[in-house]
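Spelled out from the first residue to the last, the chains are:
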Amino acid sequence: MHILLVEDEQKIADFICEGLRARNFTVTHCADGHRGYEAASQNVFDVIILDIMLPGRDGLDVLRSLRQAGIDTPVILLTARNELGDRVQGLEMGADDYLAKPFYVEELNARIQAVLRRHGGTPRHLVRVGSLELDCINRTLCCQEQTTELSSREFSLLEYLMRSPGQVLTRGQLLEHVWGYDFDPCTNVVDVCIKRIRRKIDSLDSAGKMAGVIESVRGTGYRLSPR
């Protein structure tokens, strides 16, 4: 189970991360709202634990943007405030639950299990764009009831594109996100990986309906266009 924690107070973040990891959760931590939104919009999480008071971008604004973008990952709000209005507003904006500080990890764990049950008990691990369906647990790609496996790099690159359909992503962005290093004008690893992904999509696309779904943007990078 993969949890995103967006919390700027380091002591609280360490407390939560340690407690959840002891319960066999995988936890990704971001310390401000901008990074939290970026992580939530570009990766697959089962639950997001989101503090309301954050630097850069507050938690309610992050929540609003996620819901407007169609990201329905369960969200538990954390707040040190006593005002009822903040909690009500968060729930009206699409939060699944809230928890006031201070709290015990046991209570947070119970809230996590509860929101997962309300969401059907199934982790949010499928990403769909057009006829493409990416399974983020098995790292497989499906199209028209056919399935193919992806390598680790192919999966990361395609997931990044599918998380931002219609958006042009530069080679530098793809290099940093998938390979973890800055842009090198002498490398063609992105282009090679894109070619492999295209071949796999073509192998699933007997009717030719998905041909060219990953578009090249000359001099810039690539874009996944919903078809």
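You'll find the structure just up there.
Since we're looking at a predicted model, the values are computed, not measured. Residue indices follow the written sequence of each chain, beginning from 1 at its first position. Under the rules for a predicted model, residues below a pLDDT of 70 receive no local features and side-chain atom pairs below 80 are neither given nor counted, while totals for whole chains, interfaces and linings still include all residues. Computation of side-chain values covers all heavy atoms of the structure but excludes hydrogens and water.

A. Geometry of the pairing of strand β2 (residues 26-30). In short, DSSP must find at least two bridges between two strands for them to pair. Helix numbering and strand numbering both begin at the N terminus, where a helix is a DSSP run of H or I of at least 4 residues and a strand a DSSP run of E of at least 2. Here strand β1 (residues 2-6) pairs with β2 via five bridges, running parallel. Counterpart to V6 in the pairing with β2 is C30. With the strands aimed away from the viewer, a crossover counts as right-handed if its path from the first strand over the helix to the second runs clockwise. Following the chain from β1 across helix α1 (residues 10-21) to the adjacent parallel β2, one finds a crossover that is right-handed.

B. Local environment of the side chain of T140. Mapped onto the elements of the fold, T140 is located in strand β8 (residues 140-143). The contact rule is simple, with two residues in contact once any of their heavy atoms fall within 4.5 Å. Dropping the residues within four chain positions of it, T140 is found in contact with E133, L134, D135, T147, T148 and E149.

C. Quick peek at the nonpolar core. Throughout this description, the term nonpolar core refers to a set of buried Ala, Val, Leu, Ile, Met, Phe, Trp, Tyr and Cys residues connected via side-chain atoms within 4.5 Å. For each residue, the accessible area found with a 1.4 Å probe, counting protein chains only, is set against the maximum for its type, and the residue is called buried under 20%, exposed over 50%, and partly exposed in between. Counting residues in each nonpolar core, the largest one holds 30 residues, and the members touching the most others are L134 and I214. Contributing elements (two or more residues each) for this core: β6 (126-129), β7 (132-135), β8, α6 (152-162), α7 (171-179), α8 (189-204) and β12 (221-224). Discounting chain neighbours no more than four positions away, the residues touching I214 are L158, L161, I194, I197, R198, I201, Y222, R223 and L224.

D. Geometry of the packing of α6 against α8. Between α6 and α8, the shortest axis-to-axis distance is 10 Å and the interhelical angle comes to 85°. It follows from the interaxial angle that α6 and α8 lie roughly perpendicular. Of the residues in α8, those in contact with R153, E154, L157, L158 and L161 of α6 are V190, C193, I194, R196, I197 and K200. By residue class, the composition of the contact of α6 with α8 is seven nonpolar, no polar and four charged. Whenever a helix is involved, its axis is fitted only over the stretch in contact; in every case the axis is a line through C-alpha atoms, and angles between N-to-C directions fall within 0 to 180 degrees. Angle categories: roughly parallel below 35 degrees, roughly antiparallel above 145, roughly perpendicular from 65 to 115, and oblique for all the rest. Note on residue categories: nonpolar means Ala, Val, Leu, Ile, Met, Phe, Trp, Tyr, Cys or Pro, charged means Asp, Glu, Lys or Arg, and polar means any other residue, Gly included.

E. Layout of the sheet that holds strand β9 (residues 146-149). Taken together, four strands build an open sheet; the order of strands is β6-β7-β8-β9 and the sheet is antiparallel. Every interior strand has two partners, whereas the edge strands, β6 and β9, have only one. Each adjacent strand pair in this sheet contributes to an overall mean axis angle of 20°, direction not counted. Sheet analysis places β8 next to β9, joined by four bridges and oriented antiparallel. Within β9, the position partnered with C142 by the bridge is T147. α6 rests against β6, β7, β8 and β9 of the sheet, and its axis sits at about 125° to β7. In the packing of α8 onto the sheet, the strands contacted are β7, β8 and β9, and the crossing angle to β9 comes to about 155°.

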